[in-house]
Amino acid sequence: KNCLPSLSPWKKMAEAAALDAIYAASNALLDAQSKLKAGEDTFAEHEEQFKVVVSKAKVSPKTKTLALQVLPKYLGHYPAQADSALDILIDLFEEGEGYRMKAIESFKSIASSASASVISKLVGVLAQLLLSEDEKEVAVVNQALCTALQQDVQATTTALLELMTAEASVRGKAVEFLTAELVPRAPALFKDNTEAQNAVATQIKKLLGTATTAEVSVYLKILFALQVFQSGEEGANELLGIVINSIDLAADFDASEANADRFLTLLRSARLIFNHGASPMKVMSYVSKKVLPKFDELSPTQQTTLLKVLAEISPIMRGHPCRDFLTAIYPIMLALLPEEVTEETKLNY
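Let me begin by describing the structure that accompanies this report. (Residues numbered from 1 in each chain as written. Predicted model: local features only at pLDDT ≥ 70, side-chain atom pairs only at ≥ 80, totals over all residues. Heavy atoms only, no water.)

1. Some words on the packing of helix α4 (residues 82–95) against helix α6 (residues 116–129)
Inference 1: For the pair α4 and α6, the least separation of the axes is 10 Å and the interaxial angle reads 20°. The angle between α4 and α6 places the two elements in the roughly parallel class. Handedness of the crossing formed by α4 with α6: right-handed. Every residue of α6 that contacts α4 at Ala82, Asp83, Leu86, Ile90 and Phe93 is listed here: Val118, Lys121, Leu122, Val125 and Leu129. (Axes fitted to C-alpha atoms, helices over the stretch in contact; angles between N-to-C directions. Helix = DSSP H or I, 4+ residues; strand = E, 2+ residues; numbered from the N terminus. Parallel < 35°, antiparallel > 145°, perpendicular 65-115°, else oblique. Left-handed = near helix turned anticlockwise from the far one by under 90°. Contact = heavy atoms within 4.5 Å.)

Set out below in structure tokens:
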């Protein structure tokens, strides 16, 4: 026996009218879809019908279910209605368990055919849903974001990067997604798309100055994957310029733990760039004059990491900066050398 309260007569009438309106609008939109397959685009003539679906979506449980089927199919044709339609879908997502997964799946459907402007708005919604504690929901959200990447890599990536000014929890989830899903696909997704590569590179340049160590790492991995930075020495020098600006060679070195970790991430990335022809002289001059004098302020782990990276860079150093570097590094290395091993030491060992 159904224990749910039945609708009052006037609510039943309102529901019936809303369902009729949604079905009529859906039929008109379906007709436009058929004409589009035949080569005739009439969707602009049916924007009012799409608005009807939005306006009637929350009348009753039945209209909600029907709207979840209709809105995702046609939202890509009406970017001007994206805010209203996405608001409805978000409201339905928040109404209860019965609608949550259907709403998330609708986001995936939207991502498969949406315009850049719709995707930009959709990514903001999906990033918030990555905070869900339900693993199944998060899995579908990830799929939706991957679908968005395939549909428009520029709009999706720039929208994700814009989240790097959001609260820490959202930023963290965005970094995780970029690392796991974008970085491995980046060479293929950005291939021969110079506009997208330049747009993403410009955005990353703006973010690097205030980025955390984890963010710096994923940003540089994305940049390394872009063709515009793979044109030999010229591309290497341009990429090194981004790293140098992030280090800020004119400023004193801050040896605090967080900043030192960030610097070491940048230095490791610079080392890879040097291997492609860029000159290490500016960076190594900074290391000699501003970083090594504060060597004792670094943690033991950071000290070891720094020395390993410097050992990898030193073979490609040339000219006058080498003398400055040797002057700075020699007393450090001397202090780290083990004491002379004696017979007594061996016996004690």
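2. So, the pattern of salt bridges
Inference 1: A full pass over the atoms with the stated rule returns nine salt bridges.
Inference 2: Where Lys51 meets Glu48, a salt bridge forms, and the shortest distance between an N and an O atom there is 3.3 Å. A residue pair is termed a helical-turn pair when its members lie 3 or 4 positions apart in one helix, as Lys51 and Glu48 do in helix α2 (residues 47–56) at three residues.
Inference 3: Glu137 is the salt-bridge partner of Arg100, the closest N and O atoms lying 2.7 Å from each other. Placement of the pair is Arg100 in helix α5 (residues 97–111) and Glu137 in helix α7 (residues 135–151), with a sequence separation of 37 residues. (Salt bridge = Lys/Arg side-chain N within 4 Å of Asp/Glu carboxyl O.)

3. Regarding α4
Inference 1: Here α4 spans 20 Å end to end across 14 residues, near enough to the 20 Å set by a 1.5 Å rise per residue.
Inference 2: Residues Ala82, Ala85, Leu86, Ile88, Leu89, Leu92 and Phe93 constitute the buried set of α4. Along the long axis of α4, the arc covered by the buried residues comes to 155°, so they all point the same way. (Expected span 1.5 Å × (residues − 1). Buried < 20%, exposed > 50% of the residue type's maximum accessible area, 1.4 Å probe, protein only. Arc of directions from axis to C-beta.)

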